[in-house]
Amino acid sequence: MISPPYCHNLVQFGRLVQKQSLLIAKRESSNMTHPTDIPNVFDGSVDLGIIGGTGLYKLECLEAIAILPAMATPWGTTSSPITISKVVGASDEHFHVAFISRHGLHHQYSPSTVPFRANMAALKHLQCKAVLSFSAVGSLQQHIKPRDFVLPQQIIDRTKGIRESSYLNDVGLVGHVGFGEPFSKAFAQYINQFQDVLKHSDPEDSCALHLNNETTVVCMEGPQFSTRAESKMYRMLGGDVINMSVLPEAKLARECELPYQMVCMSTDYDAWRDEAEPVTVETVMGNLHNNSSNANALASTIITHMANDMPEFMITGDGLKGSLKFSISTKPSAMSKETLAKLKFLHLDYW
Ligand SMILES: CSC[C@H]1O[C@H](OP(=O)(O)O)[C@H](O)[C@@H]1O
Ligand SMILES: Nc1ncnc2[nH]cnc12
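Reading the values: the criteria
- Residues numbered from 1 in each chain as written.
- Chains lettered and ligands numbered in written order.
- Predicted model: local features only at pLDDT ≥ 70, side-chain atom pairs only at ≥ 80, totals over all residues.
- Heavy atoms only, no water.
- Near = heavy atom within 4 Å.
- Polar contact = N/O pair within 3.5 Å; in protein donor to acceptor, adjacent residues only side chain to side chain.
- Areas by Shrake-Rupley, 256 points an atom, 1.4 Å probe, with all protein chains shown as cover.
- UniProt positions renumbered as here; feature names shortened; annotations may be inferred.
- Helix = DSSP H or I, 4+ residues; strand = E, 2+ residues; numbered from the N terminus.
- Contact = heavy atoms within 4.5 Å.
- Buried < 20%, exposed > 50% of the residue type's maximum accessible area, 1.4 Å probe, protein only.
- Salt bridge = Lys/Arg side-chain N within 4 Å of Asp/Glu carboxyl O.

Peer 1: Summarise the site of ligand 1; cite the residues concerned and give the values.
Peer 2: Looking at ligand 1, the residues that line it are G53, T54, R102, H103, P111, S135, A136, F225, N243, M244, S245 and V284. Contacts to ligand 1 include M244, whose backbone N or O atom sits 2.7 Å from an oxygen atom. Protein burial of ligand 1: of its 390 Å² of free accessible surface, 90% is covered by the chains.

Here it is, written out as C-alpha cells:
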C-alpha cells in the first residue's frame, strides 16, 4: 500500500525525507483543489505513467481513484501529487494510470529545477510498465507547423550540466546505460497508429503527427529562449524540435528500464525564421489550447486501447528488463546498504 507520508526503508533518509514530504504534502494540498472524497492512498497496481508538461496538468479521459500527495523518494520529492486513475469508458477497470505534473500543479518548477529523478523514481516505484510524456516544443522545421505533434526518436543535449541526470553518478554506484536509441520505437509506433485523432480548431486546417527514425529533439537549458543564431545552429545540427524538458527525463527512464516516449506538441517556430518575430511565451500560449485538446484525444485513445489489450512492449519491457544490471560497473560486494536500498526502491532487486 502506498500511503502518505510515504515510508521507505532507507535508514539514512527516513526522518528527514518524511518531515520534508509532510511539509510539501501539506503545502500542496492546501494550495490545490483536492476533492475530499478521493482517497490519498492506493493499494492496486499501476500500468502506465504519464508526465504532463506546460499547459497539460490533467487529462479529461482519466477518472481519479486516488490522489497521492507529492511522494518522497531517495532523490527528493515529486513535483506534484500523483493522481491514480482508471480510464473513462475502458472495459478493463483494472488498468491504472499515474499522472505527474512536471512543473508542479501551479507551474512552480522551472525546467532546470524539476525534480526529474524523484518523478521517474516514483513512477517506477509504482511499477508503471511504460512512461508517456507530453511536452510543448518549438519547431525548427518549416513543415512542422505550430499545433502539429512530433514523436522524436533522437535527442541533442544542450543542457548545461546543472540538472541531476542519473541514478548512477555517485561514489558507490557507477553505471553506464546505453542511450543510442533514447525512445521506445515500439511505443512510438503504437502511438502513431492513432494519428487521425488530431484535429485543428480551424476545420480548413489540419494537425499532423510526425514520426521518422531521424526526428530529433534538441534539449536546451533555458529558461530564456534561444537566440536566432542558436536556433539556426540547431537546424544545422539536425534538430527538428526544441524544448527544455526531454533531458534528463529520457535518461532516467532508461536507467529505470522503462519504455519511454515523449509526445512533442509544437507551439511556435522558435527564432530561426528571420522574417518572423522570435518565440515568446504569448506565442506558446496561443497554441496550448488546441494542443491540450489534441493531447486529451490522443491520450484517451492510447490509454483505452492499452486498457483493452496491453501492448507487447509493456508486457515484455521492450528489451529493457534487466538491462541496468549489466550496465553497473561497481562490484556488488562493495555496495552499501543504502545503495542497495535505493535500487530496491526502484524494484531493481539484483543483489
Ligand atoms: C512555456 S514554453 C517553455 C517550456 O515549455 C516546455 O515545457 P514542457 O516540456 O514541460 O511542456 C519546454 O520544455 C519549456 O520548459
Ligand atoms: N521555442 C522553444 N524553445 C524551447 N522550449 C520551448 N517550448 C515551447 N517552445 C519552445
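Peer 1: A description of the UniProt feature "binding site: phosphate" (unreviewed entry) in the protein should follow, citing residues and the corresponding values.
Peer 2: Taken from the UniProt record, the annotation "binding site: phosphate" (unreviewed entry) applies to T54, R102, H103, S135, A136 and S245. A maximum C-alpha distance of 12.2 Å is found for the annotated residues, which run over 192 residues; spatially they form one tight group. Relative to the elements of secondary structure, S135 occurs in strand β7 (residues 130-139). Discounting chain neighbours no more than four positions away, the residues touching S135 are R102, N243, S245, M262, V263, C264 and M265. Position of A136 among the secondary structure elements: in strand β7. If we ignore the near neighbours within four places in the chain, the residues touching A136 are T54, N243, M265, T267 and L288.

Peer 1: Residue-level account of the UniProt feature "site: Important for substrate specificity" (unreviewed entry) in the protein, with values.
Peer 2: Here the UniProt-annotated "site: Important for substrate specificity" (unreviewed entry) positions come out as S226 and V281. Taken along the chain, the residues just named run across 56 residues; in space they keep tight, none of their C-alpha pairs more than 12.5 Å apart. Note that S226 resides in the loop between β13 (216-220) and α4 (228-237). Judged by its relative accessible area of 8%, S226 is buried. Among residues more than four places away in sequence, those in contact with S226 are M220, S231, Y234, I242, D270 and A271. Among the secondary structure elements, V281 is positioned in helix α6 (residues 281-308).

Peer 1: Tell me what's going on with the pattern of salt bridges, and back it up with residues and numbers.
Peer 2: Summed over all chains, the structure comprises eight salt bridges. When the shortest N-O distance is used, the salt bridge between K145 and D148 registers 3.2 Å. Judged by relative accessible area, which is 30%, K145 ranks as partly exposed. Residue class for D148 comes out buried when judged on its relative accessible area of 1%. Between D170 and K342 there is a salt bridge, and its shortest N-O distance comes to 3.5 Å. Here D170, found in strand β10 (residues 169-170), pairs with K342, found in helix α8 (residues 337-345); they are 172 residues apart in sequence, far enough to count as distant.

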